[in-house]
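# Reading the structure
For reference, the chains in residue letters:
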Amino acid sequence: MKNILVLLFLLIAGRIIASGQDDLPPRNQLSLVIANGMSQKFFVPSGSSTPTVNVYNNISGNSSPGTVHSRYLPLYALHLQMRYGYAPVRWLRIETGLGYLMASGIVDRADDFSGYAGVSHITSRTYTIIGNITVPLYVSFTKVLKKGNFICTLGPDFVFPVHSSYHQVHTFNNGLAQPDVYVHYRYKASDTKYNSTLGLYFKLGYEIRSINIGPVIDFFDLVNFTDNNIYSGTGNYHPYQYYAGVDVTFNFRVITKTSR
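All of the points below concern the structure found in this document. Please read these numbers as outputs of a predicted model, since none were measured by experiment.

Definitions and cut-offs
- Residues numbered from 1 in each chain as written.
- Predicted model: local features only at pLDDT ≥ 70, side-chain atom pairs only at ≥ 80, totals over all residues.
- Heavy atoms only, no water.
- Helix = DSSP H or I, 4+ residues; strand = E, 2+ residues; numbered from the N terminus.
- Buried < 20%, exposed > 50% of the residue type's maximum accessible area, 1.4 Å probe, protein only.
- Contact = heavy atoms within 4.5 Å.
- Areas by Shrake-Rupley, 256 points an atom, 1.4 Å probe, with all protein chains shown as cover.
- Core = buried A, V, L, I, M, F, W, Y, C linked by side-chain atoms within 4.5 Å.
- Phe/Tyr/Trp six-rings, centres within 6.5 Å; stacked < 30°, edge-to-face > 60°.
- Polar contact = N/O pair within 3.5 Å; in protein donor to acceptor, adjacent residues only side chain to side chain.
- Salt bridge = Lys/Arg side-chain N within 4 Å of Asp/Glu carboxyl O.

With that settled, the discussion passes to the overall build of the protein. Per the secondary structure count, the protein includes 2 helices and 11 strands. Mapped in sequence order, the helices and strands of the protein form the string α-β-β-β-β-β-β-β-β-α-β-β-β. A buried classification covers 38% of the 260 residues belonging to the protein. A fraction of 70% describes how many contacts in the protein between residues 6 or more apart in sequence connect residues 24 or more apart. On the protein, roughly 14300 Å² of surface is accessible, and the fraction owed to carbon and sulfur atoms is 67%.

This is how it looks when you write it as structure tokens:
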């Protein structure tokens, strides 16, 4: 990992030195994209005063009727991409490539169930991490300035989850402490297909010397390819997740016979 970081630093330094004063966007380019942000999940409608709190009633598959009250707190997100872009005209670029998105979050739960043994009240906190392979299909609009360029990038992401981790802590059942639980799961092909989504990426960036930096927001589960809502009796709601933060892009000119 250390050698990879050193190599990445050398590539970026070489890109800065070689770029000189040429800020005009090339026709063909490769881009290394690093986005750091805050990951958050919310519900529309949430059935609560805040969209990050949701209440599930009469959960299907559970023999004991009950209610689950969940509160979603933000945590870290990292999105790495390698993109190829082609500009048919100077102000428009079409980009695609491959990426890895790691989104995490915190879920505080309070569960109440009634059954043969009486009422169970369970509270817990769970740290979640989901790793996804992403395939972008973006369009970038460029406005050339006196120094650098203003670039607006937007478009869909195809998001394919490949692994997840859950670490449940501070669990109490009717006041009695329970052991922590840690689960790491690698998705099978059927799991990835079942949980794949379509997202939407939007960034406003300022580019100078082939480095583009600016705020970004990415809703990476706007549309589910399959109906994977496991809850019943919850009303009409849809869970969404996004990350918002800062996106840094390092561009590398691709030399071809038709390059400008």
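That covers the picture; the talk isn't over yet.
Our next topic: unusual backbone geometry. Even without being a glycine, His-170 presents a positive backbone phi close to 50°. Mapped onto the fold, His-170 is located in strand β6 (residues 149-173). Backbone geometry places Arg-209, a non-glycine residue, at a positive phi of 50°. Looking at where Arg-209 falls in the secondary structure, it is placed in the loop between β9 (197-208) and β10 (211-224).

Core analysis: the biggest nonpolar cluster contains 10 residues, these being Ala-35, Ala-77, Leu-101, Ala-103, Tyr-138, Val-159, Tyr-201, Val-216, Phe-220 and Tyr-243. At the level of secondary structure, the elements contributing two or more residues to this core comprise β4 (92-115) and β10. Ignoring sequence-local partners within four residues, the contact set of Leu-101 consists of Leu-78, His-79, Ile-130, Gly-131, Asn-132, Thr-134, Phe-220 and Tyr-243. Within the second largest apolar cluster, 6 residues are counted, among which are Phe-43, Tyr-56, Val-68 and Tyr-72.

Our focus in this paragraph is the side chain of Ser-70. Within the secondary structure, Ser-70 sits in strand β3 (residues 66-89). Given the relative accessible area of 1%, Ser-70 is considered buried. Leave out the neighbours within four places in its chain, and Ser-70 touches Thr-52, Val-53, Asn-54, Tyr-56, Val-107, Asp-108 and Arg-109.

Attention now moves to the packing of aromatic side chains. Aromatic ring pairs are described here by two measures, namely the spacing of the ring centres and the angle between the planes. Overall, the coordinates contain 9 aromatic pairs when judged by the stated rule. Considering the side-chain rings of Tyr-138 and Tyr-201, the 4.3 Å spacing of their centres and the 10° angle between planes classify their relative orientation as stacked. With Tyr-138 in strand β5 (residues 118-144) and Tyr-201 in strand β9, this pair connects stretches of sequence that are 63 residues apart. Ring-pair connections join several aromatic residues into one group, and the members of that group are Phe-42, Phe-219, Tyr-240 and Tyr-242.

So, about the environment of Tyr-84. Residue placement: Tyr-84 occurs in strand β3. Residue class for Tyr-84 comes out partly exposed when judged on its relative accessible area of 34%. Sequence separation between Tyr-84 and Gly-97 is 13 residues, and the spatial gap between their C-alpha atoms is 5.8 Å. Not counting chain neighbours up to four residues away, the residues in contact with Tyr-84 comprise Asn-28, Gln-29, Leu-30, Ile-94, Glu-95 and Thr-96. A polar side-chain atom of Tyr-84 sits 2.4 Å from a polar atom in the side chain of Asn-28.

Attention now moves to the pattern of salt bridges. For the structure on display, the rule yields 5 salt bridges. The residue Arg-71 makes a salt bridge to Asp-108 at a minimum N-O spacing of 3.2 Å. Within this pair, whereas Arg-71 is found in strand β3, its partner Asp-108 is found in strand β4, the two being separated by 37 residues in sequence. Across the pair Asp-108 and Arg-125 runs a salt bridge, and its minimum N-O distance is 2.7 Å. You can see Asp-108 sitting in strand β4 and its partner Arg-125 sitting in strand β5, a full 17 residues away along the chain.

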